[in-house]
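So you can see what is in the structure, the chains are spelled out below.
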Amino acid sequence: MSTRPAPLIPPRVRAVLVRVPFLVAAVRFFRRGPLARERNLLVALITLALVVGFLAAKVSTEFFSPSLLILVTLIGGLQLRLRSLVKLLVGVGVALGYIAITLGVGGVGLGLMVTIGFTTVLAVLMARTRGKLGVQGLRGDAMLLELRDRLRSQGELPALPKDWGGKVVLKQAGGSSFGGDFLVSMRDGNSVEIALVDVSGKGVDAGTRALLLSGTFGGLLGSVEDFLPACNAYLHRQRGDEGFVTAVHVRLDLDTGDYTITSAGHPPVVKFDAGTGNWQVASAKGVVLGVVPDLHCEPDSGTLRKGDALLLYTDGLIEQPGRDIDAGLDRLLGEAERLLPSGFRDGAKALVNAMSSGHNDDCALVLIWRP
């Protein structure tokens, strides 16, 4: 038989407190409205700032240093809206003014005033940015992290049978978590579709558009017969010039190894022929997405046999300032012949590192092979 825990406030005491109008009004004030949490935090921070100012002026600046007001301002910048932050800054200013009047200007110090001023500017900027997003605290950063994780999970290859292998390597410019290169893929029975997309720009600048397009292209993949023309129609309907988008799409039959490649302004796919030991450049080509209303692609098809592989990549691997793209492609094939025979799985990352060294650009590579 369960027993209820004893109440924190005895019923008789609670009945007396409820009859006090001031306490009832205070409780209702602190619990009322959707912004009660922010209002309570604002009251607590203003109270803390005034207490620090009073104790620093009357007791000791050594034990109650005015520099604690920097921490109060920083917390307000991280958690409060701009309007509430302004009220907090007024309270911090009153506390500093009281210290300066009581102890003189030397009680505050020029260095502390400059630090608090810089912290105030930083807090206002953070509050304004969050105000535009409509979020509180560090929720905006959490949303970006969630979007990044969703983009990464969407860029993973689906589970393949044991007689197939696949590897994806994404390397963003400047070590950023966001970039303009992304992958969407899906498997329906024994059919696999893969699309590697490159958005113009690099790093965080292209990351926001890549996040938007990854969701759109991921929804189109497997839902329409002509994937790239459908993506082109979507981009052509969008207003504004936000740069170009290239993509390559591969449809692969896991039973027979038959594949079809369509490309829209993307660097050509290369195939490793185990019989000859050579890399062959696919002939699929087309115009970049979103330029013309009706996209016409010239596909390429073939069959992957035992030991064969398909290599998809973005121009970040072969394009370097001052060098021709064909020279970059020749270098890519040369590095592939040197690194990949030791093992496709381990050689894929080594190939990206070798090709991306010396320049800062988004790079992506997808390798599909039959062991």
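Rules behind the numbers
- Residues numbered from 1 in each chain as written.
- Predicted model: local features only at pLDDT ≥ 70, side-chain atom pairs only at ≥ 80, totals over all residues.
- Heavy atoms only, no water.
- Pairing = 2+ DSSP bridges.
- Helix = DSSP H or I, 4+ residues; strand = E, 2+ residues; numbered from the N terminus.
- Axes fitted to C-alpha atoms, helices over the stretch in contact; angles between N-to-C directions.
- Buried < 20%, exposed > 50% of the residue type's maximum accessible area, 1.4 Å probe, protein only.
- Polar contact = N/O pair within 3.5 Å; in protein donor to acceptor, adjacent residues only side chain to side chain.
- Contact = heavy atoms within 4.5 Å.

**Student:** Any chance you could break down the sheet that holds strand β10 (residues 363-369) for me, citing the residues and the numbers?
**Tutor:** Strands sit in the order β1-β10-β9-β6-β7 across an open sheet of five strands; the sheet is antiparallel. The sheet terminates laterally at β1 (165-171) and β7 (278-281), the two strands that pair on one side only. For this sheet the average axis-to-axis angle between neighbouring strands, irrespective of direction, equals 20 degrees. Bridge analysis of β1 against β10 gives seven bridges, and the strand direction is antiparallel. In the strand pairing of β10, Gly166 is matched with Ile368.

**Student:** Requested: an account of the pairing of strand β5 (residues 258-264), with residues and values cited.
**Tutor:** Among the seven residues in β5, five count as buried, and that is most of the element. Two strands pair when backbone bridges link them, and strand β4 (residues 245-253) and β5 are joined in this way by six bridges, in the antiparallel orientation. Bridge assignment links Val248 to a residue of β5, and that residue is Ser263. With antiparallel pairing between neighbouring strands as the criterion, β4 and β5 make up a hairpin whose turn holds four residues, including Gly257 at a positive phi of roughly 85 degrees. In this structure, β5 lies alongside strand β8 (residues 300-303), joined through four bridges in antiparallel fashion.

**Student:** Outline the side chain of Thr119, listing residues and values.
**Tutor:** By the secondary structure assignment, Thr119 is in helix α6 (residues 110-133). A relative accessible area of 8% places Thr119 in the buried class. Polar side-chain contacts of Thr119 include one of 2.8 Å to the backbone oxygen of Thr115. With residues up to four places along the chain from it excluded, the contact list for Thr119 reads Ile70, Thr73 and Leu74.

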